[in-house]
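Here are the chains, one letter per residue:
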Amino acid sequence: MDEDDVRVRAGRGSRPRTRRRPAHSEAVGAFVTAVDRGRYRCVIGERVVSAMKARELGRGNIVVGDTVRLAGDVSGDPGTLARVVGIAPRRSVLRRSADDTDPVERVIVANADQLVIVCALADPPPRLRLIDRFLVAAYDAGLEPALWLTKADLAGPEAILPVYAPLGLRCLVLGRPLTEPMLAELRNLLGGQISVLVGHSGVGKSTLVNTLIPDADRAVGEVSPVTGRGRHTSSSVVALALPGGGWIIDTPGLRGFGLGHMSPERVVRAFPDLAEGAEHCPAGCDHLGPECALDDRVAAAGGGPLAARLDSLRRLLRSREGADVG
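Residues numbered from 1 in each chain as written. Predicted model: local features only at pLDDT ≥ 70, side-chain atom pairs only at ≥ 80, totals over all residues. Heavy atoms only, no water.

**Q** Teacher, can you tell me more about the side chain of S319 here?
**A** Position of S319 among the secondary structure elements: in helix α8 (residues 305-320). The exposure class of S319 is buried, given its relative accessible area of 14%. A distance of 2.4 Å separates the side chain of S319 from the side chain of D100, its partner in a polar contact. (Helix = DSSP H or I, 4+ residues; strand = E, 2+ residues; numbered from the N terminus. Buried < 20%, exposed > 50% of the residue type's maximum accessible area, 1.4 Å probe, protein only. Polar contact = N/O pair within 3.5 Å; in protein donor to acceptor, adjacent residues only side chain to side chain.)

Written out as structure tokens, the structure is:
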């Protein structure tokens, strides 16, 4: 053998590898208002900047509501693209799963202050169990929940308000047309806050957003005469600035809200009107059997709305186990 018979692998260079990330001391803070196929619409003051995620951030998700640091071209000029080089710690996270048997959580929104549950009193009919799911998610995320009942010109709220009265929710009953006193109360609740609007398709979320923010231009749909369900109109999560300060984060109409990522204990804690009774349950109680102390809690309260809440809790728990709850 001579030297020509020996294959030598090309060198990798003399530059040592390092885990040290660039400092990006020139990076500026921004608020993420929309996400679209790997591009992030961010706001710096009154300037809108398009950005992509820097490779050094890895696979972590960036969602609407995140506070990020941008480097590169942050002018916001057409055709420019900044880089997201940092994500601030989140103070709240709203999560869901695909369904109740899927343990993988999906982050919907970050850093919100309150969750506004929008429910129509008619057309489509109210779905109290979906409201309960939203409340579970709100309490688990540390968000302040509020309940807005729309289309009061079609039906009254008498069957719903007593169910949630023990929770001390901030409830608003809204009819059409929206009067100036109604709008003033809405603005008062939303002002200076980051508020997430959630609800079933067709309940009027987009109409409310367009009324509060005239240039929002959110698509408005109708209820299907065949299924009685709302048609999906808004198709993405987007944060919109309120004229008087604060943000509304509008979400697509939801026909379900999975809680498979939550343990049964977390679900029970999200029913504060029942959780006190769970302290008297035997160890390891699944809250589904005859030994559960929650039945005594409901009996002591005289049944009524609390009995309906216990039924909803147990349906959620059975659904998490993959049981058919009807």
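That shown, we press on.
**Q** What am I meant to see in the packing of aromatic side chains here?
**A** How two aromatic rings sit relative to each other is set out by the distance from centre to centre and by the angle between their planes. Following the criterion strictly, the structure yields two aromatic pairs and no others. With a centroid separation of 5.2 Å and 75° between ring planes, the pair formed by F134 and F257 is classed as edge-to-face. Here F134 is found in helix α1 (residues 128-141), whereas its partner F257 is found in the loop between β13 (247-250) and α5 (264-269), with 123 residues between them in sequence. Here F134 and F257 have matching classes, each one buried. (Phe/Tyr/Trp six-rings, centres within 6.5 Å; stacked < 30°, edge-to-face > 60°.)

**Q** When you look at the pairing of strand β5 (residues 82-87) in this model, what are you seeing that I'm missing?
**A** Regular strands place side chains that alternate from one sheet face to the opposite one. Pairing of strand β3 (residues 47-53) with β5 involves three bridges; the strand directions are parallel. If you follow A51 over to β5, its bridge partner there is A82. Inspection of the sheet shows strand β4 (residues 67-72) paired to β5 by five bridges, in the antiparallel sense. For R69, the partnering residue across the bridge sits in β5 and is G86. (Pairing = 2+ DSSP bridges.)

**Q** Please explain the pattern of salt bridges as it appears in this structure.
**A** When their charged atoms lie close together, side chains carrying opposite charge are able to pair. Applying the stated criterion to the full structure yields 15 salt bridges. With its nearest N and O atoms 3.1 Å apart, the salt bridge here joins R37 to D36. The exposure class of D36 is partly exposed, given its relative accessible area of 44%. Here R314 and D295 are joined by a salt bridge, their closest N and O atoms 2.9 Å apart. Of this pair, R314 sits in helix α8 while D295 sits in helix α7 (residues 294-300); the two residues are 19 residues apart in sequence, bridging distant segments of the chain. Residue classification places D295 among the partly exposed positions, given a relative accessible area of 32%. (Salt bridge = Lys/Arg side-chain N within 4 Å of Asp/Glu carboxyl O.)

**Q** Which parts of the structure should I look at to understand the nonpolar core?
**A** As a rule of thumb, soluble globular proteins bury nonpolar side chains together. In this structure, L115, L147, Y164 and L313 are the most contacted members of the largest nonpolar core, which totals 52 residues. Ignoring any residue separated from it by four or fewer positions in sequence, one finds L147 in contact with I117, C119, I131, I160, Y164, L169, R170, C171 and L172. By size, the runner-up hydrophobic cluster in this structure holds 23 residues, among which are L174, L189, L212 and L240. (Core = buried A, V, L, I, M, F, W, Y, C linked by side-chain atoms within 4.5 Å. Contact = heavy atoms within 4.5 Å.)

**Q** Could you clarify how one ought to interpret the confidence of the model for the chain in this entry?
**A** Where the model shows low pLDDT, its predicted coordinates should not be examined in detail. A residue-level look at the chain finds 85% of positions with pLDDT of 70 or above and a mean pLDDT of 86. pLDDT under 50 marks residues 221-233. Its contacts with residues more than four places away, or in other chains, come to 30 contacts. (pLDDT = per-residue confidence, 0-100.)

**Q** Honestly, empty space enclosed by the protein in this entry has me stumped. Any pointers?
**A** A full pass over the atoms with the stated rule returns two cavities of 30 Å³ or more. In this model, the largest cavity occupies a volume close to 80 Å³. If you go around the largest cavity, you meet 13 residues; those closest to its centre are V118, C119, R127, L130 and H200. For the lining of the largest cavity, the secondary structure elements donating two or more residues are β8 (114-120) and α1. Within the lining of the largest cavity, the residues separate by chemical class into ten nonpolar, two polar and one charged. Estimates place the volume of the second largest cavity at around 30 Å³. (1 Å grid on protein atoms, 1.4 Å probe; cavity = no way out; pocket = protein on both sides within 12 Å on 5 of 7 lines; lining within 4 Å. Points joined across faces, edges and corners; volume = space filled by probe spheres on them. Nonpolar A, V, L, I, M, F, W, Y, C, P; charged D, E, K, R; others polar.)

**Q** Would you mind showing me how to read helix α4 (residues 205-212) here?
**A** Since one α-helical turn is 3.6 residues long, residues separated by three or four positions face the same way. Of all the eight residues making up α4, six are buried; the element is thus mostly covered by neighbouring parts of the structure. For α4, the full list of buried residues reads K205, S206, L208, V209, N210 and L212. Residues of α4 that are buried in the fold lie against β8, β9 (144-150), α3 (180-190), β11 (194-199), β12 (238-241) and β13.

**Q** What exactly am I supposed to notice about the packing of α3 against α4 here?
**A** Remark: α3 packs on α4, axes separated minimally by 11 Å, with the N-to-C direction vectors making an angle of 90°. As the angle between them shows, α3 and α4 are arranged roughly perpendicular. On α4, the residues touching L183, L186, R187 and L190 of α3 are L208, T211 and L212. Tallied by class, residues from the contact of α3 with α4 come to five nonpolar, one polar and one charged. (Axes fitted to C-alpha atoms, helices over the stretch in contact; angles between N-to-C directions. Parallel < 35°, antiparallel > 145°, perpendicular 65-115°, else oblique.)

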